[in-house]
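Residue-level structure breakdown
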Amino acid sequence: MILGLIEHDRGTLNPQSLEMLTLARELAAAGDGPLHVLLVGGEAEGLAADLAPYGPAVVHLARHEALVDYAPAAWAQALVDLIAAEKPAAVLAPGSDRGSEVMAHAAARLNLPMAANCTAVTPGEAYRLTRVRWGGSLLEEAWLRGDPKLLTVAPFVLPDDPAPEPGAAVVRPFTPALSEADLLVRVVDRVQPAGDKVSLTEAKVVVSGGRGVGSAEGFDVLGELADLLGGAVGGSRVATNFGWCTHANQIGQTGTRIAPDLYIACGISGAIQHWVGCKGAKQILAVNTDPEAPMVTRATYAVIGDLHEILPALIAEIRRVRPGG
Amino acid sequence: MKILVCLKRVPTTGARILLTADEQEIDTRNLGFAMSPHEECAVEAGVQLIEQHGGSLTVLTLGPEEAVEQLRYALAMGADDAILLAASGDVDPMATAGAITAAIRERGGGENPFDLLLFGNEAADSGGYQVGIRVAHALGLPCVTGVKRLDVTADGLEVRREAGTGWEVYRVPLPAVITIREGINLPRYPSVPGRLRAKKKPVETVEPHLVGGGPEKIRLVNPPEQDHAVQILGQGPAAVPRIVELLQELRLL
Ligand SMILES: Cc1cc2nc3c(=O)[nH]c(=O)nc-3n(C[C@H](O)[C@H](O)[C@H](O)COP(=O)(O)OP(=O)(O)OC[C@H]3O[C@@H](n4cnc5c(N)ncnc54)[C@H](O)[C@@H]3O)c2cc1C
Ligand SMILES: Nc1ncnc2c1ncn2[C@@H]1O[C@H](COP(=O)(O)O)[C@@H](O)[C@H]1O
């Protein structure tokens, strides 16, 4: 049996779970089937029907009176209990914040290896897998052993399509044996900032700046252009480190990954740790003095020159041509 | 407060990663090295905590002899002493966690002597997403991962992590393990006096006992790159009309 941990927040599915199920189905079809999934928390029960098109024969539902909101160690203990009862060949979770940490807790409890952010698996006695390193700039091929094999699936790599045949998705509730320690760490509150700005991950256009922007004032110009285009402002780690923009704007391996329709990279060289954050953009326009900069050679379009001359001229031209500008 | 930060030395790669001929490592001959970014923020968080609440900060790395450079850097930022677990090559996360746990116990005569153990959410190079959690489990400590805000309260810590566009709040008693994400703070640059003081601070070198578990690396591979040609719209402000055309084509204007 192949077991997939479904990530949800108080009953709302994290869609990365569906990408995970794509790989889980592959492993099940290759001979380790059937496919089962685990939902932790009574409030997730409604998801069972939504998951049926993705192929699970059984949906295990871990219910416990003390399990009200997300608690990583408790989720892991539910997973460990289910593993003991059902003896799956492999357990998969999405490589999201929650999926990764629950899997690591389970791996620690079982004293088994865990492979994070896998993109492909060849099943066998040991799994030969491909996993992501350096936030996506490098791949590693590795052997994974263990009974069961524990792995997470790299986000945004695999499709999230339904199964060729829906699963029966028979719901099987169980009560995990949770200790007080398992429930010590849990979400006790949520804070939602009142923001009116377009969010970086949802913006259609991101106007981004790096060392070439030179100052916080330079970022005001980027902000002006972003506002005109209804987009958001991004930055490189150099810009963040200088305090020209906040870390919340940082694009890249240790910042945010984005996939806008257009990414305008101003004065950014295109280091690989930055590139992994913006390569999902449909089109990239680089503005750079250096025609050899990797951001320029990898972009869809480029303008060679000083951003301090080009951006103000662009802003003026947009104001001129735009109706009611 | 007695604090430990575990940090990893990683190469600062440029626009392309070159591999060694045997595909086992990154070719670092022309590269510099740094602390993995999440951990640099963890050191900064640790320094701020002892500045505000008193106590001491120990930094630890498992890596080659040269990793003493990153320990010195952390000492220059304000840590008090350092532990180097000398090991070469890629050490898997289970072996790393085991060696770190043993070193922590060794420090406390068999028990964990620290109130707070800080890790990065994931190491920048290998991205295992697990060492902090494994150490927490081995020591029987609570653990919150991915933390981008940390406040000391009367009975422990209140920490936050990002969730969608908002924050999740967690409260934990001490001792605890917290894994940090870049963005929690802006790490300081060590001052010149800081660097001088760092030279005199103690660094203890230990030969760790490494018990591996996997995953077992076969080889590293560069992701395939689509070859394509960039379309140059022009030079300088003269290109502005072409940019506007493009924006109109993409229906952004
Ligand atoms: C583990 C790790 C994680 C990292 N994570 C991230 C991350 O998440 N995000 C990130 O961005 N970086 C990250 N980095 C840093 C990354 O390696 C680079 O150092 C950084 O992206 C470089 O920023 P930059 O392009 O702004 O600066 P530079 O590399 O200095 O490039 C500046 C560019 O601006 C151009 N320029 C200069 N003046 C002008 C002008 N007047 N007009 C037009 N162009 C001009 C130059 O030609 C050059 O191409 C990480 C590094 C490591 C080691
Ligand atoms: N070799 C190492 N030396 C010291 N700390 C490490 C080492 N490897 C990992 N860590 C710590 O564990 C965290 C998670 O690592 P990982 O599970 O490998 O992604 C890192 O951010 C570090 O804080």
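Attention in this report is confined to the structure presented alongside it.

What counts and how
- Residues numbered from 1 in each chain as written.
- Chains lettered and ligands numbered in written order.
- Predicted model: local features only at pLDDT ≥ 70, side-chain atom pairs only at ≥ 80, totals over all residues.
- Heavy atoms only, no water.
- Helix = DSSP H or I, 4+ residues; strand = E, 2+ residues; numbered from the N terminus.
- Buried < 20%, exposed > 50% of the residue type's maximum accessible area, 1.4 Å probe, protein only.
- Near = heavy atom within 4 Å.
- Polar contact = N/O pair within 3.5 Å; in protein donor to acceptor, adjacent residues only side chain to side chain.
- Areas by Shrake-Rupley, 256 points an atom, 1.4 Å probe, with all protein chains shown as cover.
- Nonpolar A, V, L, I, M, F, W, Y, C, P; charged D, E, K, R; others polar.
- Contact = heavy atoms within 4.5 Å.
- Buried area = accessible area lost by both parts, 1.4 Å probe.
- Salt bridge = Lys/Arg side-chain N within 4 Å of Asp/Glu carboxyl O.
- Pairing = 2+ DSSP bridges.
- Axes fitted to C-alpha atoms, helices over the stretch in contact; angles between N-to-C directions.
- Parallel < 35°, antiparallel > 145°, perpendicular 65-115°, else oblique.
- Left-handed = near helix turned anticlockwise from the far one by under 90°.

**Observations concerning unusual backbone geometry**
Here the bond from Leu174 of chain B into Pro175 of chain B is cis, since omega is 0°, no more than 30 degrees from zero. Assignment of secondary structure puts Pro175 of chain B in the loop between β9 (166-172) and β10 (176-180). Omega for the peptide link from Gly214 of chain B to Pro215 of chain B comes to 0°, which places this bond in the cis form. Relative to the helices and strands, Pro215 of chain B resides in the loop between β11 (203-206) and β12 (216-221). Positive phi, normally seen in glycine, also occurs at Trp134 of chain A, with a value near 50°. Note that Trp134 of chain A resides in the loop between β8 (127-133) and β9 (138-144).

**Digging into helix α2 (residues 68-77) of chain B**
Within the span of α2 of chain B, buried status applies to Gln70, Leu71, Ala74, Leu75, Ala76 and Met77 of chain B. At the C-terminal side of α2 of chain B, Gly78 of chain B shows a positive phi close to 140°.

**Section: the site of ligand 1**
Looking at ligand 1, there are 30 residues lining it, with Arg211, Ser236, Ser269, Gln273 and Asn288 of chain A nearest. Neighbouring residues of ligand 1 are not confined to a single chain but are spread across chains A and B. Side-chain polar atom of His274 of chain A to an oxygen atom of ligand 1: 2.7 Å apart, as the coordinates give it. Out of a free accessible area of 980 Å², ligand 1 has 83% covered by protein chains. Of all the secondary structure elements, the ones that give two or more residues to the shell around ligand 1 are α6 (237-241), α7 (272-278), β16 (283-288) and α9 (307-321) of chain A. Broken down by class, the residue content of the shell around ligand 1 amounts to ten nonpolar, 16 polar and four charged.

**Section: the site of ligand 2**
Residues and elements named next belong to chain B. Near ligand 2 there are 19 residues, and of these Cys6, Glu39, Leu62, Ala123 and Gln130 occur at the shortest range. Take Ala123: an N or O atom from its main chain is 2.8 Å from an oxygen atom of ligand 2. For ligand 2, the accessible surface in isolation is 480 Å², of which the surrounding protein chains cover 98%. Broken down by secondary-structure element, the contributors of at least two residues to the shell around ligand 2 are β4 (56-63), α3 (93-107) and β6 (116-120). The element best represented in the shell around ligand 2 is β4, accounting for three residues. Across the shell around ligand 2, the residue classes tally to nine nonpolar, seven polar and three charged.

**What to know about the interface of chain A and chain B**
Every contact between the two is made by 77 residues of chain A and, on the other side, 77 residues of chain B. Carbon and sulfur atoms supply 60% of the area buried between chain A and chain B, which totals about 6900 Å² over both sides. It is Trp134, Glu141 and Tyr301 of chain A in chain A that bury the most area against chain B; as a group they hold 10% of the surface buried on that side. Viewed at the interface, chain B and chain A are joined by seven salt bridges. The shortest N-O distance in the salt bridge between Arg219 of chain B and Glu141 of chain A comes to 3.0 Å. The interface formed by chain A and chain B includes 32 residue pairs in polar contact (both at pLDDT 80 or more). With nine residues, the top contributor of residues to the side of chain A that touches chain B is helix α4 (residues 97-110) of chain A. Partitioning the side of chain A that touches chain B into residue classes produces 39 nonpolar, 19 polar and 19 charged. Note: strand β12 (residues 189-191) of chain A against β9 of chain B, three bridges, orientation antiparallel. Pairing of Asp189 of chain A across the sheet is with Val169 of chain B, part of β9 of chain B.

**Focus: the side chain of His36 of chain A**
Residue and element names in this part refer to chain A. Considering the arrangement of structural elements, one finds His36 in strand β4 (residues 35-40). Of note is the side chain of His36, whose polar atom sits 2.9 Å from the side chain of His60. Ignoring anything within four residues of it in the chain, the contact list for His36 reads Met1, Ile2, Leu3, Gly4, Ala57, Val58, His60, Glu86 and Arg172.

**A word on the packing of helix α3 (residues 72-86) of chain A against α4 of chain A**
All names here are of chain A. Following both chains from N to C, one finds α3 and α4 inclined at 55°, their axes separated by 8 Å at the closest point. With respect to their mutual orientation, α3 and α4 come out oblique. Here α3 and α4 pass one another in a crossing that is right-handed. Mapping the contact onto sequence places Pro72, Ala73, Trp75, Ala76, Gln77, Leu79, Val80 and Ile83 in α3 and Glu101, Val102, Met103, His105, Ala106, Arg109 and Leu110 in α4. Here the residues of the contact of α3 with α4 are counted per class, giving eleven nonpolar, two polar and two charged.

**A short note on the pattern of salt bridges**
All chains considered together, the criterion is met by 34 salt bridges over all chains. Within this structure, Asp9, Arg10, Asp69, Arg98, Glu101 and Arg190 of chain A together with Arg161 and Glu168 of chain B form a network of salt bridges that share partners.

**Topic: the packing of α4 of chain A against helix α4 (residues 131-139) of chain B**
For the pair α4 of chain A and α4 of chain B, the least separation of the axes is 9 Å and the interaxial angle reads 45°. Judged by the angle between their axes, α4 of chain A and α4 of chain B are oblique. Judged by the sense of rotation from one axis to the other, the crossing of α4 of chain A with α4 of chain B is right-handed. Contacts between α4 of chain A and α4 of chain B involve Glu101, Ala104, His105, Ala107, Ala108 and Arg109 of chain A from the first element and Ile133, Arg134 and His137 of chain B from the second.

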